[in-house]
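Examination of the molecular architecture
Chain residues, written in single-letter form:
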Amino acid sequence: MIGRALAVGKRAILSLPCGLGVLALPLLVEVRVEGPRPHGPCVLAVTHSGGPDPLYVARAVGSWRTPALFSIDPRYPFLRPFYRALWRFEIREGEKEFNRRTLRAAVEHLQKGGQIMVFADGPDFRRGTLKPGAAVLARRAGVPVVPIGLENAHILPPQGEELALGPLFFHVVRSLRRKGWICVHFGTAVFPDPSLPERADVDRMMRLLERSFDRYHRRFVGLPGPVWPSTQREGG
C-alpha cells in the first residue's frame, strides 16, 4: 500500500508541469475547437505540428492530462520520467517485446473507458508515412478513432526539431505568441469492423485516416498529407 501510494505521488509530481502547461496555455495562445468533442473511450489520432500538440488536445477535450503513445528523443533521455508520468505509454524503436507490453497496457486503458492520443504521422509529417498504432489500438480495444487536425499550429521549419532543447522551447513560445490562436478540429470517428480480420480492418481504418490527414494538411499547411504504405504500394 505504501509503495503504491509513493508511486502515485511520484507520478503526480512529475506530471505537474503538464497540468501547469494546460493552465498557462491561454496566456500564450487561444485554443479554439471545431467539431464535436469526443466523449467516452477512443483513440485521438492527432496530426503533428511540432508544437506542444498534446497540450492543445488536452485543453480542447477539457482534460489537464490525456495519455498518449510517446517516444523519447535519444538526445534527451533525462525526459523519460516526465514523459512517462505525463503520457504513460512509451514506444521504443526496435524493442518489439517492450512495445507489445505497451500496446497491451494501452488497450486495457481504453477498455476501462480512457482516451489515448496517437501521433500517427510521427514527429515530422514531411517524412510522409503513417504508422498503424492508432488503428491497431482501436481495433483491439473495440473503440473508435477520431482524426484531429491542428489549424494555425505548424511553427517549425523543415529540420526545426533538430534544434537544441532550449532554443526550441523559446522558438515555440515566441511563435505561439505571434500566432495568437490554434484551432483543434475533431473529425468524424472511424469505428472498427469486428466482422473483418484484424489486418484488413486496420488497413481499412488507416486508409480513412489517411484521407482525413490529407485534407487537414492540404487545408492547414498547403502540402499533401502523409500516406498509408499500402496506398503507396497500390499507386494511390
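Look up a bit, the structure's there.
Residues numbered from 1 in each chain as written. Predicted model: local features only at pLDDT ≥ 70, side-chain atom pairs only at ≥ 80, totals over all residues. Heavy atoms only, no water.

Quick notes on the overall build of the protein
From N to C terminus, the protein includes eight helices and seven strands. Counting only residues that meet the buried cut, the protein has 46% of its 236 residues in that class. Contacts spanning at least 24 positions in sequence make up 74% of the contacts within the protein whose residues lie at least 6 apart. Here the protein has roughly 12,600 Å² of accessible surface; of this, 58% comes from carbon and sulfur atoms. (Helix = DSSP H or I, 4+ residues; strand = E, 2+ residues; numbered from the N terminus. Buried < 20%, exposed > 50% of the residue type's maximum accessible area, 1.4 Å probe, protein only. Contact = heavy atoms within 4.5 Å. Areas by Shrake-Rupley, 256 points an atom, 1.4 Å probe, with all protein chains shown as cover.)

As for the environment of Ser 230
Relative to the elements of secondary structure, Ser 230 occurs in helix α8 (residues 229-234). The buried category is assigned to Ser 230, whose relative accessible area is 7%. Here the alpha-carbon distance between Ser 230 and Asp 203, two residues 27 residues apart in the chain, equals 7.7 Å. When neighbours within four sequence positions are excluded, Ser 230 is seen to be in contact with Asp 203 and Arg 207.

Details of the pairing of strand β2 (residues 42-46)
Burial runs high along β2: five of the five residues are buried. What you see with β2 is no split at all: Cys 42, Leu 44 and Val 46 on one side and Val 43 and Ala 45 on the other are buried throughout. With four bridges joining them, β2 and strand β5 (residues 115-118) adopt parallel strand pairing. Along β5, the bridge assignment pairs Leu 44 with Met 117. Of the pairings in the sheet, the one linking β2 to strand β6 (residues 145-151) comprises four bridges and is parallel in character. (Pairing = 2+ DSSP bridges.)

Considering the packing of helix α4 (residues 96-111) against helix α5 (residues 133-141)
Look at α4 against α5: their axes get within 9 Å of each other, and the N-to-C directions meet at 55 degrees. In terms of their interaxial angle, α4 and α5 are classed as oblique. As for how α4 packs across α5, the hand of that crossing is right-handed. Mapping the contact onto sequence places Leu 103, Ala 106, Val 107, Leu 110 and Gln 111 in α4 and Leu 137, Arg 140 and Ala 141 in α5. (Axes fitted to C-alpha atoms, helices over the stretch in contact; angles between N-to-C directions. Parallel < 35°, antiparallel > 145°, perpendicular 65-115°, else oblique. Left-handed = near helix turned anticlockwise from the far one by under 90°.)

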